[in-house]
Amino acid sequence: MSEFNKITFRKSLIEWYLEEKRNLPWRETSDPYKIWVSEIMLQQTRVDTVIPYYNRFIDAFPSMEELASADEEKLLKQWEGLGYYSRARNLQAGVREVVENYNSVVPQTREEISTLKGVGPYTAGAILSIAYGRPEHAVDGNVMRVLSRVLLIKEDIAKPKTRKIFEQAVSEIIDVQDPSSFNQGLMELGAVICTPTSPKCLLCPVRENCSAFFAGEQNDLPIKTKNKKTKALHYDIYVAQNEHKQFLMEKRPETGLLANMYQFPMIEHALKEMDTILLLQERYAIHFSKEIDLGTFKHVFSHLTWEMNCFVGHAVGESQLDTCKWLTIEEIKEVPMPVPMLKIWKAYIERGN
DNA sequence: AAGTCGGGGGT
DNA sequence: ACCCCAGACTT
């Protein structure tokens, strides 16, 4: 047994981080805007997933002014496939706020930066420490896992209130000389050494300061209660083409799941008391004649599952609903679609004609 | 405090 | 299957 020593902990962690850190695109800039973009993309999203999105996004919107003036459809197209699309809208709202009311300078205090849309306790601390070198805590899932082991904290990390315990712990042990490397070191350690299962303790730079390692409890931490399972929803999806080789697509509502993303007409099985052909006439003002059965598709979200039966056919009728558009193949490439619709569209294209 | 909000990869 | 991910927002 040995007591936790914050001096050697900081030194070991930061030296390891500076020596072993991965080369990531957002680590090659000190631009607070770019750090901000990376932190929003990294919310609940793995590094390897984010890298290509980050590079394309910075290429499309190199400065806050260019993101501020972008139209939402172009913004969502950049975010397409990354998920949690309100992140993109909130990021743009926050950037507009900074451009208009902060003279295009990202705020440097937790109080001010936390007022920006989409910037919560973690992201505020991450931007302040990484971009500005401020000694602010940035507690994410990695940090809670690492510190639950290092400090043998057995609170349930699934409970919102538990995060405050870790924020307090970080505040007490953070290195004020290099808060950026300290915070990023904790997260890097969680990502590559102190992993959820099979932590690589023999390679860990702070093993000598880890209470769980000495107690042999690293595999039993962190404590986290389970989440309940997801519900399944069943839909029929219609790839409907008119005589001008255009396809009917509708824009989802501006709030809720996949807000403002485009989809093919879809009808829930729960509404099956009416004939689906009649429902298509009612809801989409078309007469649809089914010609091809594209098969079944399944898509799992965090809290629900879509099971979809997909059909291709021709549509008669000039649907002029304001939520719907007839789009050519080329135009479909320009609108933002969620992954389930991308999968269906890909299957249709690869099937030919 | 609990539910909503994507999608992918690991085990 | 289930878990987790550089979480935030709404109710």
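Residues numbered from 1 in each chain as written. Chains lettered and ligands numbered in written order. Predicted model: local features only at pLDDT ≥ 70, side-chain atom pairs only at ≥ 80, totals over all residues. Heavy atoms only, no water.

1. Quick notes on the UniProt feature "domain: HhH-GPD" (unreviewed entry) in chain A
Residues annotated by UniProt as "domain: HhH-GPD" (unreviewed entry) correspond here to residues 41–192. In residues 41–192, helix accounts for 63% and strand for 0%; the two terminal C-alpha atoms are 19 Å from one another. (UniProt positions renumbered as here; feature names shortened; annotations may be inferred. Helix = DSSP H or I, 4+ residues; strand = E, 2+ residues; numbered from the N terminus.)

2. Observations regarding the protein's contact with DNA strand B
Surrounding DNA strand B, one finds 21 residues, the nearest of these being Thr45, Tyr84, Tyr85, Leu258 and Ser302. Near-protein atoms of DNA strand B (within 4 Å) split between backbone and bases, with sugar and phosphate holding 61%. Within the side chain of Arg46, one N or O atom sits 3.4 Å away from a base nitrogen of DNA strand B. At 2.5 Å, a side-chain N or O of Ser302 approaches a base nitrogen of DNA strand B. (Near = heavy atom within 4 Å. Polar contact = N/O pair within 3.5 Å; in protein donor to acceptor, adjacent residues only side chain to side chain.)

3. Digging into the protein's contact with DNA strand C
In the region of DNA strand C, 26 residues are neighbours, and Arg27, Gln44, Gly118, Asp140 and Arg145 sit closest. Near-protein atoms of DNA strand C (within 4 Å) split between backbone and bases, with sugar and phosphate holding 63%. Between a phosphate oxygen of DNA strand C and a main-chain N or O atom of Gln44, the distance comes to 2.7 Å. With respect to DNA strand C, the side chain of Asn142 contributes an N or O atom lying 2.9 Å from a phosphate oxygen. Elements with a contribution of two residues or more to the surface near DNA strand C: helix 8 (121–132) and helix 9 (141–150). Among the residues making up the surface near DNA strand C, the classes are represented as 9 nonpolar, 8 polar and 9 charged. (Nonpolar A, V, L, I, M, F, W, Y, C, P; charged D, E, K, R; others polar.)

4. Things to note about helix 11 (residues 179–192)
Here helix 11 contains 14 residues, and its C-alpha end-to-end distance of 20 Å stays within 8% of the 20 Å for a straight helix at 1.5 Å per residue. For helix 11, the buried fraction is high: 12 of the 14 residues fall into the buried class. What helix 11 keeps buried is the set Pro179, Ser180, Ser181, Phe182, Asn183, Gln184, Gly185, Leu186, Met187, Glu188, Leu189 and Gly190. Residues of helix 11 that are buried make contact with helix 1 (6–20), helix 8, helix 9 and helix 10 (162–173). (Expected span 1.5 Å × (residues − 1). Buried < 20%, exposed > 50% of the residue type's maximum accessible area, 1.4 Å probe, protein only. Contact = heavy atoms within 4.5 Å.)

5. Some points on unusual backbone geometry
Cis geometry marks the peptide bond from Leu221 to Pro222, where omega comes out at 0°. Residue position: Pro222 is located in the loop between helix 12 (211–215) and strand 1 (231–241). One non-glycine residue, Ala285, lies in positive phi territory at about 55°. Mapped onto the fold, Ala285 is located in the loop between helix 13 (276–284) and strand 5 (287–300).

6. Things to note about the layout of surface pockets
Left-over empty space is what a probe sized like a water molecule reveals as it rolls over the atoms. Its boundaries defined by the atoms lining it, the largest pocket holds a volume of some 1600 Å³. Lining the largest pocket are 39 residues, with Leu42, Gln44, Asp140, Gly141 and Asn142 positioned closest to its centre. Breaking the lining of the largest pocket down by element, the ones donating at least two residues are helix 3 (47–60), helix 8, helix 9 and helix 11. Here the lining of the largest pocket takes 5 residues from helix 11, the largest share from any one element. If you add up the space inside the second largest pocket, you get close to 580 Å³. In terms of lining residues, the second largest pocket is bounded by 22 residues, among which Gly83, Tyr84, Tyr85, Phe301 and Ser302 are the most central. Among the elements of the structure, helix 6 (86–101), strand 5 and helix 15 (339–351) are those that each provide at least two residues to the lining of the second largest pocket. For the lining of the second largest pocket, a count of residues per class yields 11 nonpolar, 10 polar and 1 charged. Counting residues domain by domain, the lining of the second largest pocket receives three or more from each of domain 1 (6–220) and domain 2 (231–351). (1 Å grid on protein atoms, 1.4 Å probe; cavity = no way out; pocket = protein on both sides within 12 Å on 5 of 7 lines; lining within 4 Å. Points joined across faces, edges and corners; volume = space filled by probe spheres on them. Domains from an automatic or database assignment.)

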